[in-house]
Amino acid sequence: MKDDPNPPPSPAAPAAPPPSDPSELRSLDDTIEHFIGNFGLKQLIQSFLLSFAWFFDAQQTFISVFAEAKPEWICNDHFSSTTCNSTANICRLPDESWSWNTPAHASIVSDWSLECAGPVINALPSSSYFLGCLTGGFVLATLADSFFGRKNTLVLSTLIMSVSGLLTAASTNIWMYVGLRFVSGFGRSSVGICALVHASELVGKKWRQKVGVFGFLFCSFGFLSLPLIAFLIRGSSWRFMYIWTCSPCVLYSFVLYFSANDSPRWLFINGRRKEFVETLRSMSSKKNINLTERFFEKCVRENIDDDRRIYSILLEKKWALRRLAASVVVGFGVGMAFYGMPLGLGSLSFGNLYLSVVLNAASELSAEVLLFIVIGKLKRRGSLLGLCLLSGVCGLASVFAVGLKGVEIGLELVSFFSVCIAFNVLLIYVVELFPTRVRSTAMSVVRGSTLVGGLVGPIVVGVAGGKNGGSLAYGVFGAAIAVCGFTVVLLPETKGNALCDYMEEEEARDGEAIINGV
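How each quantity is defined
Residues numbered from 1 in each chain as written. Predicted model: local features only at pLDDT ≥ 70, side-chain atom pairs only at ≥ 80, totals over all residues. Heavy atoms only, no water. Helix = DSSP H or I, 4+ residues; strand = E, 2+ residues; numbered from the N terminus. Disulfide = S-S within 2.5 Å. Buried < 20%, exposed > 50% of the residue type's maximum accessible area, 1.4 Å probe, protein only. Core = buried A, V, L, I, M, F, W, Y, C linked by side-chain atoms within 4.5 Å. Contact = heavy atoms within 4.5 Å. Patch = residues over 30% accessible without salt bridge, like charges linked within 9 Å, V, L, I, M, F, W, Y side chains within 5 Å. Areas by Shrake-Rupley, 256 points an atom, 1.4 Å probe, with all protein chains shown as cover. Salt bridge = Lys/Arg side-chain N within 4 Å of Asp/Glu carboxyl O. Lys, Arg positive; Asp, Glu negative; His and termini not counted. Polar contact = N/O pair within 3.5 Å; in protein donor to acceptor, adjacent residues only side chain to side chain. Axes fitted to C-alpha atoms, helices over the stretch in contact; angles between N-to-C directions. Parallel < 35°, antiparallel > 145°, perpendicular 65-115°, else oblique. Left-handed = near helix turned anticlockwise from the far one by under 90°. Nonpolar A, V, L, I, M, F, W, Y, C, P; charged D, E, K, R; others polar. pLDDT = per-residue confidence, 0-100.

The backbone of Ser 113 sits at a positive phi, close to 55°, despite the residue not being glycine. Here Ser 113 shows up in the loop between helix H5 (108-111) and helix H6 (119-145).

Right, dumping it as structure tokens:
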């Protein structure tokens, strides 16, 4: 029997139903968004818990404003005005002709007679702290991206920072103090990085930017707490500053270890599937989470970079190296201004150190609140460039406002307000510029550049702080941030982009952006 030359058409195959199983979702980002895209109470608690690390970070970073302040001195009554007066050089006066206006144990300068030690020695504790931050950033950063994980690295960092801070209170000389400040900085290096990256990876795309600002708000509160603590214990030993700020941080470290979830992205990429599913289940309102082997086959890539150092992965890609280099230069200028300006408050003609620090802390807090409101609308590249230029112009203008106390402190506050927003936008920007595999490492490198700026800041204050009424240092900070800020034009815009997990994804998107002229 011959075949029919015109067979009837076969019935059309039914259309495939849309995937309802999470296993059918196309990517890891889609899957995480599916389960934890909505911001619930559990995510709010986790975000606040992780972000609170910034509170202690700020305290240890700016504690030197009070612990290492140079106290005011007065001439003793039995010495004539020709021998001792307020304009005299204290180092050229007989020891018996003057005395400190506060108890000697209120600051390390008066406690250890460092008033004539020179700007380098007086800047050494703060510079040592930032050098420790820089060193720890390169050592601890890869731990967060590798087997140790975000949470464990954050716990380790806060413990090192707080325990060494408590030991700092027992210092018997400047060299012991400098060494322990280095160790404290070493531990502190990854606190903000891990907290920001970890909190950002626990929420969906819609809330990622605002959760990043939580940490910056707590940072402001930490800074604001310092003048309050210093005022309450005024006249007491500088050692109590460390005791009151570090003791709660030790307790926080243990609470964090037993209460915080690990990053689901980090768990997935490091092959810890069971914990990945359990974390999603604990964070999601959808309890029926059954991820099949098909899902893992789709999403898991061959981790060809497992046997290579993460820094090599970053540096071998031209697009990644370009982004990293530009971010590092911007970070240096921003870091010098952000960390240096509060340290120079004592050299300004404004006079009241407590009020100056309160105004700066309030300026930082208002900057974080404003950023929380507008971060979703801000284009990263343009806003960062504008903020750097505004901070730079105000810093340079303060050089010409010597003697005008209101104008001088006003320009300083506007400059610091701008650099606070710029600092935070930069960190959020870097989170969006690099994929999960190298995100913490890239953040550490960029934050390391801000710490190099922070390391230079105390030296600038020590050398230039006493010149031109104390405002010359702010002119240097302004010039640095304005010049370095221009390199942001080399970076792509990331507003609204989803986070990538692998270098290949980011590289493909980078190439597409170049084609589209972005």
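Moving on from the coordinates now.
For the rest of this paragraph, the subject is the state of the cysteines. In the structure shown here, the tally under the stated rule is 1 disulfide. Residue Cys 91 pairs covalently with Cys 116 via a disulfide, S to S 2.1 Å. Judged by the sign of its S-S torsion, about -110°, the cystine formed by Cys 91 and Cys 116 is left-handed. Of the two residues, Cys 91 is situated in the loop between strand E1 (73-75) and strand E2 (98-100) and Cys 116 in the loop between H5 and H6; the sequence distance between them amounts to 25 residues. We classify Cys 91 as partly exposed; its relative accessible area is 40%. What makes Cys 116 partly exposed here is its relative accessible area of 43%. Here Cys 249 stays unpaired: no disulfide links it, and the sulfur of Cys 246, its closest cysteine neighbor, is 6.8 Å away.

For the rest of this paragraph, the subject is the nonpolar core. Formed by 117 residues in total, the largest nonpolar core has its most connected members in Leu 384, Phe 434 and Phe 477. Among the elements that line this core, the one with the most residues is helix H19 (residues 405-433), at 16 residues. Dropping the residues within four chain positions of it, Phe 434 is found in contact with Leu 314, Ala 320, Arg 323, Leu 324, Arg 439, Ala 442 and Glu 506. Of all hydrophobic cores here, the second largest spans 8 residues; its members include Trp 266, Leu 267, Ile 269 and Leu 280.

Once that is clear, we can look at a nonpolar patch on the surface. Among the surface-exposed residues, Leu 41, Leu 44, Ile 45 and Phe 48 lie close enough to one another that they form a single nonpolar patch of about 370 Å² accessible area. Tracing the backbone through its elements, the reader meets Phe 48 in helix H2 (residues 41-51).

Attention now goes to the side chain of Glu 368. The topology assignment puts Glu 368 in helix H17 (residues 353-374). This buried residue, Glu 368, is left without a salt bridge; Arg 447 holds the nearest opposite charge, at 11 Å. For Glu 368, the contacting residues outside a window of four places in its chain are Val 213, Phe 216, Leu 217, Ser 220 and Asn 424.

Now for the side chain of Ser 253. Mapping Ser 253 onto the fold places it in helix H11 (residues 239-259). At 2.8 Å, the side chain of Ser 253 and the side chain of Thr 158 are in polar contact. Among the polar contacts made by the side chain of Ser 253, one reaches the main-chain carbonyl oxygen of Cys 249 at a distance of 3.0 Å. Apart from residues no more than four positions distant in its own chain, Ser 253 is found in contact with Val 155, Thr 158 and Leu 159.

The interhelical angle for the contact between helix H9 (residues 191-200) and helix H20 (residues 439-464), taken along N-to-C directions, is 140°, at an axis separation of 10 Å. Accordingly, the angle class assigned to the pair H9 and H20 is oblique. The interaxial crossing formed by H9 with H20 has right-handed handedness. Side by side, H9 and H20 meet where Gly 192, Ile 193, Leu 196 and Val 197 of the first sit next to Arg 439, Ser 440, Met 443, Ser 444 and Arg 447 of the second. Class assignment for the residues of the contact of H9 with H20 results in 4 nonpolar, 3 polar and 2 charged.

Residue-level pLDDT values for the protein chain average 79, and 80% of them are 70 or greater. A low-confidence stretch, residues 301-308 stays under pLDDT 50, and its non-local contacts, those more than four residues away or across chains, total 9 contacts. Low confidence marks residues 514-518, where pLDDT is under 50. Its contacts with residues over four positions away, or in another chain, come to 1 contact.

Axis separation between H2 and helix H3 (residues 53-62) bottoms out at 4 Å; the angle between their running directions is 15°. Relative to H3, the element H2 lies roughly parallel. Residues Leu 49, Leu 50 and Ser 51 of H2 form the contact with H3, whose participating residues are Ala 53, Trp 54 and Phe 55.

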